[in-house]
Amino acid sequence: MGTFAQLTRRDLLVGAAAGLATGAAPRLARAAPEGQLTYAVHVSLAPAWFDPAETQGIITPFMVLYALHDAMVKPMPGQLQAPCLAESVSASEDGLAYEFAIRKGAKFHNGEPVTAEDVKFSYERYRGAAHELMKENVAAIETPDPQHVRFKLKKPWPDFLTFYSSASGAGWIVPKAYVEKVGDNGFKNTPIGAGPYKFVSFTPGVELVLEAFDGYWRKPPAVKRIIMKVIPDESTRLAALKRGEADIAYSIRGELAQELREAPGLGLKAVVLQAPNWLYFPEQWDPRSPWHDLKVRQAANLAIDRDGMSQALFLGFCKVTNSIVPYTFDYYWQPPDAIYDPAKAKELMAEAGHPGGFDAGLLYCDSSYANMAEISINNLAAIGIQVKLQPIERAGFYSAYGAKKYRRGIIQGASGAFGNAATRMASFVVKGGAFAYGSYPDIDALFAQQAEENDRKKRAALLHKMQQLVHGKAIYAPIWQLGFLNGIGPRVGESSFGRIPGFAYTAPFEDLTIKSA
């Protein structure tokens, strides 16, 4: 193994500077946590989201993970790869090893210290998005002492830290002894983490109750108790906010968003997420399907009124990029502008042999975004593509999407997961991807090349070519990056919305405050 050298400041801030970058302050005496903030959550909370090992290639689980758990390195305000449970990271000069020094004083909610064995255990039990890719590249994990962990790679892998710190849940640490004692199901029922909030109770379909962990290394939370109430109906969420029954309400759209914006004492918080939404055509690899024809997929792209949908549902806050890769991601390639042209779409349908259209079956979607899907269905019907809506509750939808159960019809998908262009390709485009129902050999070959390319300019060229092919083949019909609209009540001081760029939800939780009376 080569000599270890501290990563450059451009790659990762470590040591004393890390505390400043993540907003940490010296642990001075401060007031005990007090008060309660209640959230009106737009989706039903799933116990799988309480366990980092099951993190899917979407952002939703992090709504809970940022409260309950902590990671070695994770996105924080001002820094995409901020040292957290790790106080420093170093890499060998040959790129074959990364060593993490665990922060002194970091501990789990049961008082046990975070150790190297916990870090190794958490990585080895990880079975979420990109777990196969990560394990294919890691040769061994060494724990020379309780405060140090060394990941040895089979070959240089430029994206190791990106996958470990942000594009997966593999770097979020759970207590080995406790998990082994209670088992995986027991852990999801009563999770213990190392985050700013401790688990109190969970009532499926009703609420999750969390309490401040005074021993959190960064700083004790200011708010004593967090309650996440499940309220799937949008108008009911807004009503709860107006009545003071909720302090923060996720996802308020359309006319309700305008009503929220005009309501005295309430605030509208709009965040453009690193979350492109799209339509996906899983039948495109079936020669018998109309979707196998490029012209049909191009027609579907031309049929979608993206700007009209954004205005109708999100007050125009969405950003149309025409890509499934967030425009803020490293190695992003900007495609040509998306065009709304139903007349041209009809011409392409006729050229493809479907002048009267065809029955496309079902359009599967996360039920919390069924209103988006309804507009897409109307747009597609205008060019002769008939499809019926099949909304599914979020946890079940993404579980089935990843299990490749939606092989016929259309899928309306999205991902706000952290990462870069390569991580997005890994999950949604290339062979073996968690949400890829098929792949193209030319794109797969480029992905393998870029994974081993250490020259940044050459790697960028390869990833740009991949994105150009995804666009040219119309594998997806990208819609836009979501303009996520949320409401905050008059009691909220710091809401923590938008503090981590591109992140959908409130975080860091330990920074939340309640206004003084």
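Bear in mind the structure is a predicted one, so any value in this text is a computation, not a measurement.

### With respect to the overall build of the protein
- Looking only at helices and strands, the protein has 16 helices and 17 strands in total.
- Dimensions of the protein along its principal axes, counting C-alpha atoms only, are 70 × 60 × 40 Å.
- Across the 517 residues in the protein, those meeting the buried criterion constitute 60%.
- Partitioning the contacts of the protein with sequence separation of at least 6, the portion at a separation of at least 24 is 71%.
- Side-chain charges in the protein split into 55 positive and 52 negative, and the spacing between the mean points of these groups amounts to 1 Å.

### Points about the packing of helix α14 (residues 421-428) against helix α16 (residues 456-472)
- At a minimum axis separation of 10 Å, α14 and α16 run at an interaxial angle of 40°. It follows that α14 is oblique to α16 by the angle criterion. Two packed elements cross with a definite hand, and for α14 against α16 that hand is left-handed. Counting all contacts with α14, which are made through Ala421, Ala422 and Met425, the residues of α16 involved are Arg459, Leu463, Met466, Gln467 and Val470.

### With respect to the nonpolar core
- Counting 167 residues, the largest nonpolar core has Leu45, Tyr66, Met72, Phe100, Phe160, Tyr164 and Tyr401 as its most contacted members.
- For this core, the leading source of residues is strand β17 (residues 476-488), giving eight residues.
- Among the nonpolar cores identified, the runner-up in size contains eleven residues, and Leu241, Ala246, Ile252 and Ala263 belong to it.

### What about the pattern of salt bridges?
- This model, assessed by the stated rule, comprises 32 salt bridges.
- The partner of Glu207 in a salt bridge is Lys229, with the nearest N and O atoms 2.8 Å apart. Of this pair, Glu207 sits in strand β10 (residues 207-212) while Lys229 sits in strand β11 (residues 223-230), and the two are 22 residues apart along the sequence.
- Here the salt bridges share partners, and the residues they tie into one network are Asp51, Glu54, Arg125, Arg127, Asp184 and Lys188.

### Regarding the packing of aromatic side chains
- Within this structure, the stated rule accounts for 45 aromatic pairs.
- Aromatic side chains Tyr178 and Phe187 sit 6.2 Å apart centroid to centroid with 65° between the ring planes, which places their arrangement in the edge-to-face category. Each member of the pair, Tyr178 together with Phe187, is buried.
- When the centroid spacing of 5.5 Å and the interplanar angle of 45° are considered together, the rings of Trp285 and Tyr440 count as tilted. Of this pair, Trp285 sits in the loop between β13 (267-280) and α9 (294-303) while Tyr440 sits in the loop between α14 and α15 (441-451), and the two are 155 residues apart along the sequence.

### A short note on the packing of helix α3 (residues 116-125) against helix α6 (residues 176-189)
- One way to put it is that α3 packs onto α6 with a least axis distance of 9 Å and a crossing angle of 40°. Considered as vectors, α3 and α6 are oriented oblique to each other. Note on element contacts: α6 touches α3 through Lys176, Val179, Glu180 and Asp184, opposite Glu117, Asp118, Phe121 and Arg125.
- Its residues assigned to classes, the contact of α3 with α6 comprises two nonpolar, no polar and six charged.

What counts, and where the lines are drawn
- Residues numbered from 1 in each chain as written.
- Predicted model: local features only at pLDDT ≥ 70, side-chain atom pairs only at ≥ 80, totals over all residues.
- Heavy atoms only, no water.
- Helix = DSSP H or I, 4+ residues; strand = E, 2+ residues; numbered from the N terminus.
- Buried < 20%, exposed > 50% of the residue type's maximum accessible area, 1.4 Å probe, protein only.
- Contact = heavy atoms within 4.5 Å.
- Lys, Arg positive; Asp, Glu negative; His and termini not counted.
- Charge placed at Lys NZ, Arg CZ, Asp CG, Glu CD.
- Axes fitted to C-alpha atoms, helices over the stretch in contact; angles between N-to-C directions.
- Parallel < 35°, antiparallel > 145°, perpendicular 65-115°, else oblique.
- Left-handed = near helix turned anticlockwise from the far one by under 90°.
- Core = buried A, V, L, I, M, F, W, Y, C linked by side-chain atoms within 4.5 Å.
- Salt bridge = Lys/Arg side-chain N within 4 Å of Asp/Glu carboxyl O.
- Phe/Tyr/Trp six-rings, centres within 6.5 Å; stacked < 30°, edge-to-face > 60°.
- Nonpolar A, V, L, I, M, F, W, Y, C, P; charged D, E, K, R; others polar.

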